[in-house]
Every structure is written in structure tokens, then in C-alpha cells.
Amino acid sequence: MKPAVHYGYGSLTLARKNNRTVKSLKLPILALALIAQLVFTVPVSYAYSAYSAPVRLSAPETAQSDRMKPSIERLEKELVAKYGEGQRARLRRGMLQVANFWRDEDGEPAVFEEFVRTNFAGQQATLDTMFERFEHNLEQLNGHMGEIGREFRNQSDLDVGPILGFDEIFAGYDPSAHVSEDFFRNKLAFIVLLNFPLTTLQQRLTEGEKWSRREWAEARLAQRFSKRIPAEVNQALSQAGSEVSRYIAEYNVWMHHLVDANGNRLFPPKLRLLSHWNLRDEIKADYSDAKNGLAKQRMIQQVMERIVTQTIPAVVVNNPNYDWNPVSNEVKSAAVNDADESAPAATVVRDGVLNEPEPNTRYAKLLLAFNAARKVDPYSPTAPTHIARSFDEGREIPEARMKAMLEQLLSSPLAQQVGKLIAARLGRPLEPFDIYYNGFRPRGAYTEAQLDEIVAARYPTAEAYKKDMPNLLVKLGFSKERAEYLANNIVVDPARGSGHALGASMRSAKTHLRTRVEKSGMNYKGFNIAVHEMGHNVEQTLSLNDIDHTLLQGVPNTAFTEALAFVFQNKDLELLGLAKPDAKSEALKTLNDFWGTYEIAGVALVDMAVWHWMYDHPNATPLELKDATVQISKDIWNKYYAPIFGKRDVVLLGIYSHMIDSFLYLPDYPIGHMIAFQIEEQMEKTGNIGSEFERMATIGSVIPDLWMKKATGAPVGSEALLTATKKALTEVGATSKASSP
Ligand SMILES: [Zn+2]
């Protein structure tokens, strides 16, 4: 399904900070959500809190504020005389905030002066009324836009019959696309900027703890209008985003055409794997293939490395017409035909050279993304790079802290211990592709088929699940009354895909749980997902309807809503009245999460280093970017992974497709795992999911560290994950084994 999220900035100004459509475990979609988050940004260095004394005024002298200087000085005298000395600082700040976004088309200085005179709220009562009215009206705007979007996407999202061509146009239409532009044009955005403070991340970090809820809501209100990106920049960004996504989306490898030195084909006909997700998942699946698994895994690693180094022959990309030996790199016309009609035709090859490498297209696309993102820089004075916007404005976690957290995790001696345990379980030394090891899966007490049967009997229809929701919520620890209330706010719809949760943006609307129920009834997988999505719906309800300010709707970012949804999902067996997983199973699950985080933390560091390199070398060629990326991947591997894997100069960390198409999204994955463990630890500590969930979900979209301190007493960090991993190693008896001679 298409999320109602686009690459541009302007079209999203009024979107909620966290993507309210949450699809279970389908993180690629969240990549777009990050771009959405960037809208909620805070670009201005002269910004300061209106509430902290003494007031700092360090406005940059921009051309616009220069031009308005005489007006600003005149107005300051005039309006301070009218409203009193106490308003001077607020007034100056507001005028500068407006002046910096004011363009010639908005009017002459005289128009600016009249605007300020009319719209500056010089009295508290006026300001209160203004705040309340904006809060109310923006809730209505967001809410109704959300409802239109949901209705327009019904045909494509729900299992309600065929999708016609025009349905897709409806689904792709974003009614709020021009709202930001409109709000600057009709000057509502300027009214906000005149009266409410723009803040920097530094201020939200250092002063935010002392802010009242109203002050936080005001800060979030101003943030909605903290950027005014020209339409052509948004369009360039959006175009680059689609072009790069298309390159990634079509990058398939036809697996039956991979041959080894003896001409053997290890993979079945027609198997077409998308890089890198499907390739990686095939490596994971191959652990259970006792016969050919290892050979397949080695071959896929070779393919991945050739994609990173761009030594992959161009003709074998998404093309079943050639056989390829990834080790020798020899290419021949395909000796077998397993392609269907949709497969591309044979490529015309120049001079009969079949194995001419892909011409660094991967890195040309990354440069395209970089150059589009860079176009926003001039309109973002205090976060003047995409890197700064990604961390300071998107995640609201400073880059230096993020890096330190990742390095702490990667340097933990626990990684060495878990690595040894994996080697012992595999009965062989680790190989580089074992960064994708997923063999810590616990053996459940029930088979999938047994679980399917239990679930199908209980939930023959989506209606049956809906009816049982209050009961499920009581089992999770909510009071009967709260369970009824929450369940009444969730509409259950038949999903076309695997399922997702769609939140509302106004209190009069309901959240939607999209679930898939087969004709034979709900299966276990469907139930597991439905419980996860129900967690999102409950969070979405509480964080909108039960929160003090709708301007603070939601949670800091998608990692938080995912973590809360996993709390529900992890209880799925108990919700079915079955025995919960035993301590050993829990431990294996933790080790699995640790290893996944350990892998992706390195990938995130590569992503971050590559973006820095691009900013340091803005005129680089695709070849130079390739060389740099390969070197960065090797360096990070050598530092953190080589000691455990016993092999140097591996480039696998550079294979992530999100690195190319998702604009520095990858650090969200490891941070998401860390957050999930922190929340889980807190829930376990108190032993009451219901009341803790209600408490956490109503903290709202303050910055992540503040949210986490309120929720658990500590800022975001990797300690909870490391503590759980240590405990898990003891549980499976690995620590003693690892430390014995
Ligand atoms: Zn989810």
C-alpha cells in the first residue's frame, strides 16, 4: 500500500511527526516517514525559549531581516509602548522569525508593519485564545485531511474488490500537499511565527525538561512552520526520491542463473531476489538447508560484495538471460530458460563483452539523492546539512550521541561472546555472512499448524476478533472500562496486505486496524500481526484522545510506537490462553535481537560516514564515491567485526539498499531496538502493562530523551539491551562456556 507520505518537505508541514500509518515490520515504508519527520524542523539559530530568562537575541543578519530592520525598530518602539516592556523580547523574536521567512511576494515593509501591528498578541489573554484556536483548527485540518486520505485509499488498502486505475490515482492523491504553501500565503504561518518560539534541538534538550506542557505544545506549533522550502526544491527532492527508489526496486538477481565452478545451479528456477532484502533473507533461510545452505550463503555473499564494489556484470542485473558465476565473474548466455513473459529481454551487449561491470550506477543514484537533499540546505540555516536535519530535526537525538551509543554497543565484549556461541551452534568458524545469523529461534511448545487451528477456531472472521478486543485488552492489564473504551475506538477492516494500523489525527475520528482473515479463519501469523497492530491502535488512541494537548499528539518517532506495539505482540501466546514462552525461549529471542542490532549498528555507522564523506566531497564522481564507500565499509568492519569474524576488509556492511534510497534512515534501526528493550524492561519492572502503557502513551511527542526519562527514568541508550543480552547469555549457559579455557 502507498503511504500518504511523500519526499517533499512543504507538502508535509502539517503532517504529524510520526507516521500514523504503521505497518507491521515493514520498515522500508518508515524510510519515508523520516522524510516526513524532517518537516517538523527547527531551523533558526536565533530561536530561544520565550520562557527562559535572560532572553538571548542572537538573530542572524539575513538579507530579509536587514531589509526589515527599520520597520522592526519602529514597531518595537510602538508596540512596547502599547503592551509594556515585558513584551519586548517576545516581540523582537517574533518579528525576526517572521522577517526571515518573509519574501518580496509577501509584501513591502509597510505590509510587514501592518501585519505585525494587527497580529502580535501583546496580552496573555489574546495569546491564550490564539493558541487554543490554532490547536483546535489544526487538529480539525489534520484530522479531516487524514480522513479524506483514508477514504481515498480504502479501495487500494482494503480487501474489497478489484482496484481500478482511478483508484490508484485516488490513493496517490495527497489533499494536504499545498497546505504549507497556503498557510504562508494567507499568513497564518506568519502569525504563528510572530507569536510562538522556534527552538533548537539544543534548547529542547537543555531547557525542555523545565518547560510546561503548554510550552512544549507551543514549541511544536512553531516547528510546524519552521521551514519554507520553495516548491521547485521540494519537487527536485521528490523526483530524486522516486528515481532512486525505482533503481532499488528493480534491482533483482535471478538466482537460478547463478552457477558455481562446475556449472551447478544451487537455486531453484524462477527465484528472483531483490537486493538486498531478499538476498539477506535467503541467507537467513539457508541456515536450515543442511545440504546446500552453506554453499548458497557463500555465493550470495559474493553477489552482495560485487554489488557494493560494482564489479557485478551489468547484464546480470534483473535479467534471466545470462548465467553468471559470481566467483570467477564469468557470464554466458543462459543455458536454461526459467523466465516468464514479464522478464526483461536479453540485453544487447557491446563487442560481445558480457561481463562489463555495472558502471557505478549505484553510487550515481546515491549522489543524486545527496544533491537533491543538499538543495534544502540554504533554507535551513541552523541545520544546514541533511545530516543535521536528519539527527537534530528528524530524530531529535544529536549525531554525536547516536554515534557514541552505536560504538558502545559495537565495542561491547558481549558481541564476542554471542559470536562464539553462534560459531558453537553452527559447528564451524564464523563467516562474514553470519552477521545475518538468525538461528536463535526458540522452539515453541506448539507447531505453527497447531497454532493456526487454535486461532482459526477462535477467530473465524474479523468480526470475531473485533468482538474479543475488550477481552484481550483486559488480559493485557487494562481495566474493563478502559478496555471497552479503547476497543470502541478501533475499527477493524479487512486488509489487502498483511495488515497495518492507521491512526486518526482528530479526536472525533477512530483508529483503524487492518487485518487479514482467510476464508478458513484467521491464522496464527495474522493473529500475531493483529495483536501488534492493536498495540499501535491503542497507542494512537491514547496519544491523541487522552493527551492534554493535541499539538503533542503521538510519540517522539516511529521507533517508540513500534516498541509499544511489540509489547502487545510479545504477549500473543498468553492472549490465546497458552503457556507463555519459557525463560530459554525469551533468552534466545533476546540474543537474536542483540545480533540483529549488532549487525545494523555497523551499517548505520557506514551510512553516517558516507553522508559525511559526500558533504566533504560535494563534487565527487560516482567512482570516487564508490571507492570511499568501499573503504568506509572495510574500516568499520575491521574495527568492530574483524576481531570476531577473523577476516578483514569485508565490504558487506555497504550492501544495504536503504543506504542508497532512504536519505540517512539507517540509524533508526539500531535505535529502535534499544528503545524497545528500554520499554520492555520498564514494563517488566512494574509488571503492569495496562497502566504503564497508558502512562507512556500520553507523554506525547516531546524529544526522545525526555520521553524516555519520563517513561523509564533514563534517557535513550543501549544499557537495557546490553543488560538483557548478558542475562540471556547466562540463561543459555553461554557465558561459562565462553570463558572456560
Ligand atoms: Zn508496527
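Quick caveat, the model's predicted, so the values are computed rather than measured.

Participant: Provide a residue-level description of the overall build of the protein chain, including the pertinent values.
Facilitator: If you tally the helices and strands in the protein chain, you get 32 helices and eight strands. Among the 741 residues that make up the protein chain, the fraction classed as buried is 58%. Here the analysis covers contacts within the protein chain between residues at least 6 apart in sequence; of these, 76% occur between residues at least 24 apart. Of the roughly 29,100 Å² of accessible surface on the protein chain, 53% is carried by carbon and sulfur atoms.

Participant: Please give an account of the coordination of the zinc ion that cites residues and values.
Facilitator: Protein-derived coordination of the zinc ion comes from His532 (NE2), His536 (NE2), Glu562 (OE) and Glu562 (OE), at a distance range of 2.1 to 2.7 Å. One way to put it: the four donor atoms around the zinc ion meet at angles of 52 to 147°, and that makes the site irregular. Binding-site remark: the zinc ion is held by donors from one chain whose sequence spacing is H-x3-H-x25-E. Of this pair, His536 sits in helix H22 (residues 524–545) while Glu562 sits in helix H23 (residues 558–569), and the two are 26 residues apart along the sequence. Judged by its relative accessible area of 8%, Glu562 is buried.

Participant: Outline the packing of helix H3 (residues 69–83) against helix H5 (residues 109–119), listing residues and values.
Facilitator: Each packed pair of helices is defined by two parameters, the angle between the axes and the distance between the axes. Where H3 meets H5, the axes come as close as 10 Å, and the angle between the chain directions of the two elements is 25°. The orientation of H3 relative to H5 falls into the category roughly parallel. The way H3 lies across H5 gives a crossing that is right-handed. Side by side, H3 and H5 meet where Ser71, Ile72, Arg74, Leu75, Glu78 and Leu79 of the first sit next to Pro109, Phe112, Glu113, Val116 and Arg117 of the second.

Participant: Which residues make up the packing of aromatic side chains, and what values go with them?
Facilitator: The final tally for this structure, using the stated rule, is 33 aromatic pairs. Taking 5.5 Å as the distance between ring centres and 70° as the angle between the ring planes, the aromatic pair formed by Tyr247 and Tyr251 counts as edge-to-face. The exposure classification of Tyr247 matches that of Tyr251, with both residues buried. Ring centres of Phe568 and Phe693 lie 4.9 Å apart, and the angle between their planes is 50°; this geometry places the pair in the tilted category. Of the two residues, Phe568 is situated in helix H23 and Phe693 in helix H29 (residues 689–697); the sequence distance between them amounts to 125 residues.

Participant: Tell me about the pattern of salt bridges, and name the residues and values.
Facilitator: Going through the model one piece at a time under the given rule, you end up with 41 salt bridges. Close ionic contact of Arg214 with Asp128 constitutes a salt bridge, the shortest N to O distance being 3.1 Å. Of the two residues, Arg214 is situated in helix H11 (residues 213–223) and Asp128 in helix H6 (residues 124–157); the sequence distance between them amounts to 86 residues. Relative accessible area serves as the criterion here: at 23%, Asp128 is assigned to the partly exposed category. Here Lys480 ties to Glu484 by a salt bridge, and the two come within 4.0 Å at their closest N and O atoms. Within this pair, Lys480 and its partner Glu484 are both found in helix H21 (residues 480–488), separated by four residues, close to a single helical turn. One continuous salt-bridge network, built from bridges that share partners, spans Arg74, Glu78, Glu113, Glu114 and Arg117.

Participant: Kindly report on the nonpolar core, identifying the contributing residues and their values.
Facilitator: General note: in soluble globular proteins, nonpolar side chains tend to be found buried as a group. Counting 209 residues, the largest nonpolar core has Tyr465, Met534 and Trp707 as its most contacted members. Top element by residues in this core is helix H25 (residues 583–616). It accounts for 18 residues. Residues in contact with Tyr465, not counting those within four places in the same chain, are Tyr459, Leu472, Leu513, Met522, Phe527, Ala530, Val531 and Met534.

Participant: An account of a nonpolar patch on the surface is needed here, citing residue identities and associated values.
Facilitator: Taken together, Ile148, Phe152, Leu164, Phe166, Phe170 and Tyr173 make up a surface patch of nonpolar side chains, about 560 Å² in accessible area. Among the elements of the structure, H6 and helix H7 (165–172) are those that each provide at least two residues to the nonpolar patch. Tracing the backbone through its elements, the reader meets Phe166 in helix H7.

Participant: Mind laying out the packing of helix H20 (residues 462–475) against H21, listing which residues take part and the relevant values?
Facilitator: The contact between H20 and H21 brings their axes to 8 Å, and the two run at 140°. Relative to H21, the crossing made by H20 is right-handed. Residues Lys466, Met469, Pro470, Leu473 and Val474 of H20 pack against Lys480, Ala483, Glu484, Leu486 and Ala487 of H21. Grouping the amino acids of the contact of H20 with H21 by side-chain chemistry returns seven nonpolar, no polar and three charged.

Participant: Give a description of the confidence of the model for the protein chain that names residues and reports values.
Facilitator: Model confidence for the protein chain is summarised by a mean pLDDT of 88, while 89% of its residues fall at 70 or above. Segment residues 23–61 is flagged for pLDDT under 50; beyond a separation of four residues in sequence, or across chains, it makes 136 contacts in the model. Here residues 736–741 is a poorly scored stretch, pLDDT under 50, and it has two contacts once near neighbours within four places are set aside; other chains count.

Participant: Describe the environment of Phe170, naming the residues involved and giving the relevant values.
Facilitator: Tracing the sequence through the fold places Phe170 in helix H7. Each C-alpha atom, one on Phe170 and one on Asn154, is 9.4 Å from the other, the two residues being 16 residues apart in sequence.

Participant: Can you tell me about the side chain of Asp705, naming the residues and giving the values?
Facilitator: With respect to the helices and strands, the residue Asp705 is situated in helix H30 (residues 704–712). Beyond its immediate sequence surroundings of up to four residues, Asp705 is in contact with Leu205, Arg401, Pro715 and Val716.

Participant: So, the side chain of Arg150: which residues are in play, and what are the values?
Facilitator: Within the secondary structure, Arg150 sits in helix H6. For Arg150, a relative accessible area of 9% corresponds to the buried category. Side-chain polar atoms of Arg150 contact the side chain of His512, separated by 3.3 Å.

Participant: Describe H20, naming the residues involved and giving the relevant values.
Facilitator: Under the 1.5 Å per step criterion, the end-to-end length of H20 is 19 Å for 14 residues, consistent within 8% with the ideal 20 Å. Where H20 is concerned, the buried positions are Tyr465, Asp468, Met469, Pro470, Leu472 and Leu473. Once H20 finishes, Gly477 follows within two positions and takes phi at roughly 110°, a positive value.

Participant: Go over the environment of Asn142, please, and point to the residues and values.
Facilitator: Its location among the elements puts Asn142 in helix H6. Along the sequence, Asn142 and Met506 sit 364 residues apart, while their C-alpha atoms lie 7.1 Å from each other.

Participant: Please give an account of a negative patch on the surface that cites residues and values.
Facilitator: Together, Asp582, Glu586, Glu681, Glu684 and Glu731 make up a region of like negative charge exposed at the surface. Relative to the helices and strands, Glu586 resides in helix H25.

Participant: Describe unusual backbone geometry, listing the residues and the values that go with them.
Facilitator: His276 follows Ser275 through a cis peptide bond whose omega is -5°. One can find His276 in the loop between strand E3 (272–274) and helix H13 (277–286). Residues other than glycine seldom take positive phi values, yet Asn318 does so here, at roughly 55°. With respect to the helices and strands, the residue Asn318 is situated in the loop between helix H14 (293–308) and strand E4 (322–325).

Participant: Provide a residue-level description of the environment of Phe112, including the pertinent values.
Facilitator: Within the fold, Phe112 resides in helix H5. Each C-alpha atom, one on Phe112 and one on Ile72, is 9.2 Å from the other, the two residues being 40 residues apart in sequence. Ignoring anything within four residues of it in the chain, the contact list for Phe112 reads Met68, Ser71, Ile72, Leu75, Met95, Val98, Ala99 and Trp102.

Participant: Can you break down H3 residue by residue, with the values?
Facilitator: End to end, H3 covers 20 Å across 15 residues, agreeing with the expected 21 Å (1.5 Å per residue, within 8%). For H3, every residue scored as buried is listed here: Ser71, Ile72, Leu75, Glu76, Leu79 and Val80. For H3, the angular spread of the buried residues around the axis is 140°, confining them to a single face. Relative to its buried face, H3 has exposed residues pointing more than 90 degrees away, namely Lys77 and Ala81. Downstream of H3 by one or two residues, Gly84 has phi in the positive range, about 105°.

Rules of the game
Residues numbered from 1 in each chain as written. Predicted model: local features only at pLDDT ≥ 70, side-chain atom pairs only at ≥ 80, totals over all residues. Heavy atoms only, no water. Helix = DSSP H or I, 4+ residues; strand = E, 2+ residues; numbered from the N terminus. Buried < 20%, exposed > 50% of the residue type's maximum accessible area, 1.4 Å probe, protein only. Contact = heavy atoms within 4.5 Å. Areas by Shrake-Rupley, 256 points an atom, 1.4 Å probe, with all protein chains shown as cover. Donors = N, O, S within 2.8 Å, 3.2 Å for Na, K, Ca; no water. Tetrahedral: all angles 85-135°; square planar, octahedral: opposite > 155°, others 65-115°. Axes fitted to C-alpha atoms, helices over the stretch in contact; angles between N-to-C directions. Parallel < 35°, antiparallel > 145°, perpendicular 65-115°, else oblique. Left-handed = near helix turned anticlockwise from the far one by under 90°. Phe/Tyr/Trp six-rings, centres within 6.5 Å; stacked < 30°, edge-to-face > 60°. Salt bridge = Lys/Arg side-chain N within 4 Å of Asp/Glu carboxyl O. Core = buried A, V, L, I, M, F, W, Y, C linked by side-chain atoms within 4.5 Å. Patch = residues over 30% accessible without salt bridge, like charges linked within 9 Å, V, L, I, M, F, W, Y side chains within 5 Å. Nonpolar A, V, L, I, M, F, W, Y, C, P; charged D, E, K, R; others polar. pLDDT = per-residue confidence, 0-100. Polar contact = N/O pair within 3.5 Å; in protein donor to acceptor, adjacent residues only side chain to side chain. Expected span 1.5 Å × (residues − 1). Lys, Arg positive; Asp, Glu negative; His and termini not counted. Charge placed at Lys NZ, Arg CZ, Asp CG, Glu CD. Arc of directions from axis to C-beta.

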